[in-house]
Amino acid sequence: MKGEKIRAWNEESLDHRNALLYAMGIGEEDAKRPVIGLINSWNEMNPGHFPFDKQLIAEMKEEIYAAGGLALELPITGICDGMCSNTPGDRYTLPARDLVSSEVETVAELNGLEGMIMMATCDKVVPGMIMGALRVNIPTVMFTGGYMAAGHYQGRMLTLTHTKQTYAAYVAGDMSREDYKGVVRNACPTPGACPFMGTANTMSSMAEILGLSPHGNGSCRSQSAKWHELARQAARQIMDGWRQGIRPSDIIGQNSFENVVRYMMATGGSTNSVLHIPAIARQMGCDITPETFDRISKEVPVISTIYPNHPTYTMEEFDAAGGLPAVVRELAEAGKIDTSAKGMFGTIGDKARLAENKNPDVIHPVSAPIHEQGGLAVLHGNIGTDSAIVKFSAVDPAAWKFTGPAKCYDSQDDAWNAILRDEIVAGDVVVIRYEGPKGSPGMPHMETFMAAVLGKGLGARLALVSDGRFSGATGGLAIGHVSPEAYEGGNLALLQDGDIIHIDIEARTLQAEVSDEEFARRRAGWKPVRKPATGWLRLFRDHCTSAHRGATLYWD
């Protein structure tokens, strides 16, 4: 609360800390300043976090010092999902979110920080940092890394996900090796978040809609002059927040999280948000569930699409059209977002008033939507009796109703090899199971399989049903997060090759032509596939919640 002291130190403990600060050249007067942690995910393995370099840190430190604070950099984990795609390492990406949240909590509490600027860009690190910050509840600002430029090769727009699609085309003999390697060399030309509406940009937008990031940060080009100025704004604002004693609990509530879901629906955001937003909200005692997403999906239409929801638009076109603030303005004018929601940089209403929609072909008014309903749908039936998720803004409307025979695989690797060998054909409903939070364990992406589907031109001609999850760049009829998962005995585990599966996205149903009696008979002989796991993954499997409840260790 305003006026409340952030940290209480006794003389002995403060002197003990200061003795250690003096060892690093910090003067006695500077040690009296409030210590602001620059929680930095910078590393040399990840283009999303690479922009948070020494130049940026120096700029932030300068602003904080001028405002009376002492900024000290604290590095924590910064991972990139793309770095380990289609490898065993992908099992670690979702658990890394909870690990990052624990790191933020630890460095903030152990060091007695007075405030934080958290710096991250990518899929699990942004939500992980916010989870930790909400538990710590000291003045906090988030600064995200911005988007990378789109790639180009032979006149074609490229992003990272095109490398997977072209690999499938190369294996099929539809593309030369030279052109495949040309795509790989040109897909990611600069640092920043991959420039499609994937999880990284969805989560950066979430940080801004929650009120933690500067105006426009969620749709700004990485390392641009504007981006550097926003970093300085973030530094100035954390000191203002410290002086006023503004904590996350003072500005973030149920309406804040529902606003995030509303923004996501309007922009066709990543399915991973159905894991992250409920888990983050839980840290504040707020209740966001898959049903929240489905309810809001019926209220908020899609008004802007970039790749994979659009064939050529990327974050570059979105930014030029006015970006995140322009979407907020359109939603506010139509009464589709709560403009009273607070933030460190003003209310949602303030953000809308500062915005301008410069291209209604990229960002439509609510009165002329791209789709009448939001970008995600929650399905129910005898497969996924709790829930299953589909990003139908990335699905050809011709495939919104789909029926076909099941082809069942107990890992993505088996299914991926099968489609490369042409054993999976148009009309199939591919079931990939034991890839959920506990089954894999870690709930890796199924994007490699779906990229092969798209690379073979089967995007609207077959379906995937899985307890795994997807990259935000995944296109095609891909249904994930099936809960209960196979490992926990969900009906997904009991499906057999040839079972007829019916999908109806508009009716929100996912149903197998298998009776309850037949499922009971199959269950009597069922034993789960238990994949090897040690250390952190074993701990995660033993204690995480289901995908329906955020797939997290922190669900109290």
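Whatever comes next refers back to the structure up there.
Below: a short report on this structure. Quick caveat: nothing in here was measured; it's all calculated off a predicted structure. (Residues numbered from 1 in each chain as written. Predicted model: local features only at pLDDT ≥ 70, side-chain atom pairs only at ≥ 80, totals over all residues. Heavy atoms only, no water.)

## Thoughts on the overall build of the protein chain
The helix and strand inventory of the protein chain stands at 19 helices and 14 strands. Relative to a compact globule of 556 residues, whose C-alpha radius of gyration would be 24 Å, the protein chain shows 23 Å and is just as compact. Projecting the C-alpha coordinates of the protein chain onto the three principal axes gives extents of approximately 75 × 50 × 50 Å. Buried positions account for 62% of the 556 residues belonging to the protein chain. Put simply, of all contacts in the protein chain between residues at least 6 apart along the chain, 77% involve residues at least 24 apart. (Helix = DSSP H or I, 4+ residues; strand = E, 2+ residues; numbered from the N terminus. Rg over C-alpha atoms; globule rule 2.2 N^0.38 Å. Buried < 20%, exposed > 50% of the residue type's maximum accessible area, 1.4 Å probe, protein only. Contact = heavy atoms within 4.5 Å.)

## Some points on the layout of surface pockets
In this model, the largest pocket occupies a volume close to 590 Å³. Lining the largest pocket are 35 residues, and of these G82, S85, L160, K164 and E447 lie nearest its centre. Of all the elements, helix α5 (residues 161–171) adds the most residues to the lining of the largest pocket, at 5 residues. Class assignment for the residues of the lining of the largest pocket results in 17 nonpolar, 14 polar and 4 charged. (1 Å grid on protein atoms, 1.4 Å probe; cavity = no way out; pocket = protein on both sides within 12 Å on 5 of 7 lines; lining within 4 Å. Points joined across faces, edges and corners; volume = space filled by probe spheres on them. Nonpolar A, V, L, I, M, F, W, Y, C, P; charged D, E, K, R; others polar.)

## Regarding empty space enclosed by the protein
This structure, assessed with the given rule, holds 1 cavity of 30 Å³ or more. Reported here for the largest cavity is a volume of approximately 80 Å³. If you go around the largest cavity, you meet 11 residues; those closest to its centre are T271, K391, F470, T474 and A478. When the residues that make up the lining of the largest cavity are grouped by side-chain class, the tally is 5 nonpolar, 5 polar and 1 charged.

## Let's talk about the sheet that holds strand β4 (residues 140–144)
Pairing is parallel across the open sheet formed by 4 strands, whose spatial order is β2-β1-β3-β4. One side of each edge strand has no neighbouring strand; the edge strands of this open sheet are β2 (70–75) and β4. Averaged over neighbouring strand pairs, the angle between their axes works out to 20° when direction is ignored. Helix-sheet contacts for helix α4 (residues 125–136) involve β1 (35–40), β3 (115–120) and β4, and the interaxial angle to β3 is about 165°. (Pairing = 2+ DSSP bridges. Axes fitted to C-alpha atoms, helices over the stretch in contact; angles between N-to-C directions.)

## Regarding the pairing of strand β8 (residues 387–390)
The alternating pattern of β8 places S387 and I389 on one face and A388 and V390 on the opposite face, and all of these are buried. Bridge analysis of β8 against strand β12 (residues 477–483) gives 3 bridges, and the strand direction is antiparallel. Note that in β12 the partner of S387 across the bridge is S483.

## Things to note about a negative patch on the surface
On the surface, E11, E12, D15 and E28 cluster together into a negatively charged patch. One can find D15 in helix α1 (residues 11–22). (Patch = residues over 30% accessible without salt bridge, like charges linked within 9 Å, V, L, I, M, F, W, Y side chains within 5 Å. Areas by Shrake-Rupley, 256 points an atom, 1.4 Å probe, with all protein chains shown as cover. Salt bridge = Lys/Arg side-chain N within 4 Å of Asp/Glu carboxyl O. Lys, Arg positive; Asp, Glu negative; His and termini not counted. Charge placed at Lys NZ, Arg CZ, Asp CG, Glu CD.)

## As for helix α7 (residues 199–209)
For α7, the tally of buried residues reaches 11 of 11 residues, placing the bulk of the element in the interior. By the burial criterion, the buried members of α7 are T199, A200, N201, T202, M203, S204, S205, M206, A207, E208 and I209. Phi turns positive one or two residues past the end of α7, at G211, with a value near 95°.

## Structural notes on the pairing of strand β10 (residues 429–432)
Side chains V429 and V431 of β10 all project onto a buried face; the interleaved residues V430 and I432 project onto the opposite face, where all are buried too. Judged from the 4 bridges that link them, strand β9 (residues 401–409) and β10 form a sheet pairing that is parallel. Counterpart to Y409 in the pairing with β10 is I432. Pairing of β10 with strand β11 (residues 463–466) involves 4 bridges; the strand directions are parallel. Its bridge partner being in β11, I432 is matched across the sheet by S466.

## Digging into the packing of aromatic side chains
Under the criterion given, the structure shown has 10 aromatic pairs. An angle of 25° between the planes, with centres 6.1 Å apart, marks the rings of Y167 and W416 as stacked. Of this pair, Y167 sits in helix α5 while W416 sits in helix α16 (residues 412–420), and the two are 249 residues apart along the sequence. Judged by its relative accessible area of 29%, Y167 falls in the partly exposed class. Residue class for W416 comes out buried when judged on its relative accessible area of 15%. Between F392 and W400 the ring centres are 5.0 Å apart and the planes differ by 85°, which places this aromatic pair in the edge-to-face class. Residue classification places W400 among the buried positions, given a relative accessible area of 13%. Taken together, the ring pairs in this structure connect Y167, Y170, Y180 and W416 into an aromatic cluster. In this structure, R33 packs its charged tip against the face of Y65, placed 3.6 Å from the ring centre. Residue placement shows R135 over the ring face of Y554; its charged tip is 3.9 Å from the ring centre. (Phe/Tyr/Trp six-rings, centres within 6.5 Å; stacked < 30°, edge-to-face > 60°. Lys NZ or Arg CZ within 6 Å of the ring centre and 35° of its normal.)

## Considering the sheet that holds strand β14 (residues 509–512)
Read across the open sheet, the 8 strands follow the order β7-β8-β12-β11-β10-β9-β13-β14; overall the sheet is mixed. Either end of the sheet is taken by a strand with one partner, and the two such strands are β7 (377–379) and β14. With strand direction ignored, the average angle separating the axes of adjacent strands in the sheet is 30°.

## Some remarks on the pattern of salt bridges
Enumeration according to the criterion identifies 31 salt bridges in this entry. With a closest N to O distance of 3.2 Å, E258 and R295 form a salt bridge. Note that E258 is positioned in helix α10 (residues 254–267) and R295 in helix α12 (residues 290–297), a separation of 37 residues in sequence. Put simply, E62, E63, E229, R232 and R236 are held in one network by salt bridges that share partners.

## A look at the state of the cysteines
Enumeration according to the criterion identifies 0 disulfides in this entry. Among the cysteines around C84, which has no disulfide bond, C80 carries the closest sulfur, lying 7.5 Å off. Residue C122 stays outside any disulfide, its sulfur separated by 5.3 Å from that of C80, the closest cysteine. Classification of C122 as buried rests on a relative accessible area of 7%. (Disulfide = S-S within 2.5 Å.)

What is shown is where atoms sit, not what they do.
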